[in-house]
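Single-letter residue listing:
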Amino acid sequence: MDPTLPSATADVPLEELKHLRFLSRAVDDLLEESLKARENLEQTFRRAFPQLLTLAGAKGVVVTTSNEELTEETWWHGDFGETFPGTLLAQQPWGVRKVGADTLVSQALDVVGQKVGSMALLFAGDHSKPPASQRLVRALETIAEEFDTVLATVQTASEKHQLIVRINHLLSNRVFETGMDQAVQALSERVKLPGFMLLYRDAVESGALHYRIYRFGRLEHESGEQPFPPMEEAIRAFGDRLISPNDENLRKVLSSQKVVEAVLISGVSSATTLGKILVWSQAEGFSAYTMDLIRVLSATLSQRLIDYNRERIHLSQFFSAMVIDELLQDPDYGQRYLTPRDAEVGILFADINGFTRICEQVLEKPEKIGQFVDDWSQEVVNILWRHGGVFDKMVGDCVIGLFGPPFFRDSRTSRAESAVRAAIEIQGFTRDKMSSHPEVTRISELIQLPGLGVAIGVNLASTFCGLFGPNKQYTGFSTGMNQTARLQSLGAFRETLVMESVRKALETSDDPQLRSLAYGPLTETPVKNVAHPLRHFKLLWSAPSAEG
């Protein structure tokens, strides 16, 4: 009420109190019908305004408030003459004043103490002086209180919807961690979040878990550079049991807190647990409004994790987990690093010696062949990754690796070094570990081979590298790739052949072991459909592997 007016609630006559009570019930009934019908504000005002004028004895009603999109809008009904009602209300949002021969009574609308608009009734004649003005103010207050309830419902629903839209938008950030941090901060700006944690499974590294812990919306701990010792201990002790729906161990980590959790799943029919959200407070707990937002966040986050995992799984076909982590920190990583480009790269082809003979004489069953190749190739790919390489593809039992992509930050010498180190380790692994496998020992005895062997070709050549094809496979195309394939096919049992470009690059290496490698004589080998013969060397001495 306008403080210049006399008290609108003092010494109210009994008859007026009865009228105000009747008015309150009547308006409440009108608005109740709208709520039952789930009408929007436009429909609610269209239903209520005509009857409201009759109940209040007014000639016009106007409301300015936020609509369902939280955009300010004005609704009115009745006779305001030539003047736009919204203008009158803006000029006098609170109080009583004459408008020509009529009287405008207005007041603010509020939701839990926050102003959300204004409302006014226009009465015929001059009622601007007490006690008439006081009666009209009390009538409007009674009506406005009922409208506050409707506006509170709309306001809350609209704010919740807009917050959800904002959170969804933030979570769509190409950098998952950045989007997650921004979404939690946005949520904490609207509701109190003393503690919030996301724990989720790694899609590439089996059994690995990641977490992000927030205090009042700000990142406090994460599983990379800001670890939380109790969480690290829990992960070591319980592993991915921590994200199981009925596991209580996370609650024990947050022992003295009131904890609420939501499980993130990948679907309904074939649900897979992706992780958990936990929120906690010391004593207060959380409102229904907060819990509703957390449930919505968990559903949105589940889908975002599915997309994020799909992206990681696709990249894991070619890159190590460390490279994937770095790629995904750049929202434009596809354009910046994976778009095809021409660059000089290290190239490695590694093929099991006598594999056709092994398959025909010993591994005649397809499942045995598949298992044999899987056991060998998985570790070979890991070796490529340990030395900074990219897994291009497998052709039969031949593994192809590239050195330089996807960041192309190192020198040509470094790329040659990495390729040769990987070749040396692949030879050692195949000779020592695979040859000692019981199944391989049995095979060697049957076909009279001294264990398992691999032929490797290493090259350093310009290659067009990047994502290609409808499935976006990372690969390379060049004459150098073809040369390396031919070079590898020339390799005998447990031989590594390197092109002349590789040996020259290693001459500038800072690694004394690589500089001291011994080679056979330069060999020139004519190759069908290739203009110039391959100029290559046989590697005669192998430095110790990276494993020891």
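Let me sum up the structure you'll find in this document. (Residues numbered from 1 in each chain as written. Predicted model: local features only at pLDDT ≥ 70, side-chain atom pairs only at ≥ 80, totals over all residues. Heavy atoms only, no water.)

### Points about the environment of N309
- If you trace the backbone, N309 turns up in helix α8 (residues 288-315).
- Residue classification places N309 among the buried residues on the basis of a relative accessible area of 11%.
- With sequence-adjacent residues up to four places away left out, N309 is seen in contact with R201, A203 and L274. (Helix = DSSP H or I, 4+ residues; strand = E, 2+ residues; numbered from the N terminus. Buried < 20%, exposed > 50% of the residue type's maximum accessible area, 1.4 Å probe, protein only. Contact = heavy atoms within 4.5 Å.)

### Regarding the pairing of strand β1 (residues 60-66)
- Within β1, seven of the seven residues are buried, which leaves the element mostly enclosed by the surrounding structure.
- Pairing of β1 with strand β5 (residues 114-123), which is carried by six bridges, proceeds in the antiparallel orientation. Residue pairing for β5: T64 is matched across the bridge by S118.
- Where β1 and strand β2 (residues 72-78) come together, seven bridges link them in antiparallel fashion. Bridge pairing in β2 places T65 opposite E73. (Pairing = 2+ DSSP bridges.)

### As for the nonpolar core
- One finds F196, I277, F319 and Y474 to be the most contacted residues of the largest nonpolar core, which totals 57 residues.
- Ranked by the residues each element gives to this core, the list is headed by α8, at ten residues.
- In contact with I277, other than residues within four places in its own chain, are F196, M197, L198, V260, E261, A262, L264, I294, L297, S298 and L301.
- If you look at the next biggest cluster of nonpolar residues, it comprises 36 residues, including A350, V380, V420 and L539. (Core = buried A, V, L, I, M, F, W, Y, C linked by side-chain atoms within 4.5 Å.)

### Some thoughts on helix α1 (residues 14-36)
- Under the 1.5 Å per step criterion, the end-to-end length of α1 is 33 Å for 23 residues, consistent within 8% with the ideal 33 Å.
- All of the buried residues along α1 are E16, L20, L23, S24, A26, V27, L30, L31 and S34.
- Contacts from the buried residues of α1 go to α2 (41-56) and α4 (132-171).
- Positive phi shows up at R38, right after α1, with a value of about 55°. (Expected span 1.5 Å × (residues − 1).)

### Quick notes on the sheet that holds β5
- Judged by pairing direction, the sheet is antiparallel, and its five strands sit side by side in the order β2-β1-β5-β4-β3 without closing on themselves. What marks the edges here is a single partner per strand, and that holds for β2 and β3 (95-99). Ignoring which end each strand starts from, the neighbouring axes of this sheet average 20° apart.
- Bridge analysis of β3 against strand β4 (residues 102-111) gives five bridges, and the strand direction is antiparallel. (Axes fitted to C-alpha atoms, helices over the stretch in contact; angles between N-to-C directions.)

### So, unusual backbone geometry
- Residue P131 is reached from P130 by a cis peptide bond, and omega for that bond is 0°.
- Tracing the backbone shows P131 in the loop between β5 and α4.
- Looking along the chain, the bond that leaves P405 and enters P406 is cis, with omega of 0°.
- Note that P406 resides in the loop between β13 (398-403) and α13 (412-434).
- Phi at F216 is positive, roughly 50°, even though this residue is not glycine.
- Its location among the elements puts F216 in the loop between β7 (209-215) and β8 (218-222).
- Here F216 falls in the partly exposed class, since its relative accessible area comes to 42%.

### Some thoughts on the sheet that holds strand β6 (residues 195-201)
- Spatially, β8-β7-β6-β10-β9 is the arrangement adopted by the five strands of the open sheet, whose pairing is antiparallel. Here the strands that pair on one side only, and so sit at the sheet edges, are β8 and β9 (258-265). Put simply, the sheet's adjacent strands are angled 20° from each other on average, direction ignored.
- Relative to strand β10 (residues 273-281), β6 runs antiparallel, the two sharing six bridges. Along β10, the bridge assignment pairs G195 with W280.
- Each of β6, β9 and β10 touches α8; the most contacted strand, β10, lies at about 150° to it.

### Some words on the packing of α1 against α4
- Direction vectors running N to C along α1 and α4 enclose 25°, while the axes themselves pass 10 Å from each other. Put simply, α1 runs roughly parallel to α4. Read as a crossing pair, α1 and α4 show a hand that is right-handed. Together, E16, L20, L23, S24, V27, D28 and L31 of α1 and R135, R138, A139, T142, I143, E146, F147 and V150 of α4 make up the contact between the two elements.
- When the residues that make up the contact of α1 with α4 are grouped by side-chain class, the tally is eight nonpolar, two polar and five charged. (Parallel < 35°, antiparallel > 145°, perpendicular 65-115°, else oblique. Left-handed = near helix turned anticlockwise from the far one by under 90°. Nonpolar A, V, L, I, M, F, W, Y, C, P; charged D, E, K, R; others polar.)

### Topic: the pattern of salt bridges
- For the coordinates displayed, the defined rule picks out 31 salt bridges.
- The salt bridge involving E15 is made with K18; its shortest N-O contact spans 3.9 Å. Of this pair, E15 and K18 both sit in helix α1, three residues apart, which is roughly one turn of that helix.
- K18 sits in the partly exposed class, given a relative accessible area of 48%.
- For D126, the salt bridge identified is with K98, shortest N-O distance 3.8 Å. Of this pair, D126 sits in the loop between β5 and α4 while K98 sits in strand β3; the two residues are 28 residues apart in sequence, bridging distant segments of the chain.
- Judged by its relative accessible area of 45%, D126 is partly exposed.
- Its relative accessible area of 43% is what places K98 among the partly exposed residues. (Salt bridge = Lys/Arg side-chain N within 4 Å of Asp/Glu carboxyl O.)

### Regarding helix α15 (residues 479-490)
- If you check α15, its first and last C-alpha atoms are 17 Å apart, about what twelve residues at 1.5 Å a residue would give, namely 16 Å.
- Its side-chain oxygen 3.2 Å from the backbone nitrogen of G480, S478 forms the N-cap of α15. (Polar contact = N/O pair within 3.5 Å; in protein donor to acceptor, adjacent residues only side chain to side chain.)

### Considerations on the packing of aromatic side chains
- The final tally for this structure, using the stated rule, is 14 aromatic pairs.
- Centre to centre, the rings of F176 and Y200 are 5.5 Å apart; their planes meet at 70°, and the pair counts as edge-to-face. Taken together, the positions of F176 in helix α5 (residues 176-190) and Y200 in strand β6 put the pair 24 residues apart, joining distant regions of the chain.
- The class for Y200 is buried, based on a relative accessible area of 5%.
- With a centroid separation of 4.9 Å and an interplanar angle of 90°, the aromatic rings of F468 and F477 are classed as edge-to-face.
- Judged by its relative accessible area of 21%, F468 is partly exposed.
- Lying over the aromatic face of F407, R409 brings its terminal NZ or CZ to 4.3 Å of the ring centre.
- Over the face of the ring belonging to F537 we find R503, whose NZ or CZ atom lies 4.6 Å from the ring centre. (Phe/Tyr/Trp six-rings, centres within 6.5 Å; stacked < 30°, edge-to-face > 60°. Lys NZ or Arg CZ within 6 Å of the ring centre and 35° of its normal.)

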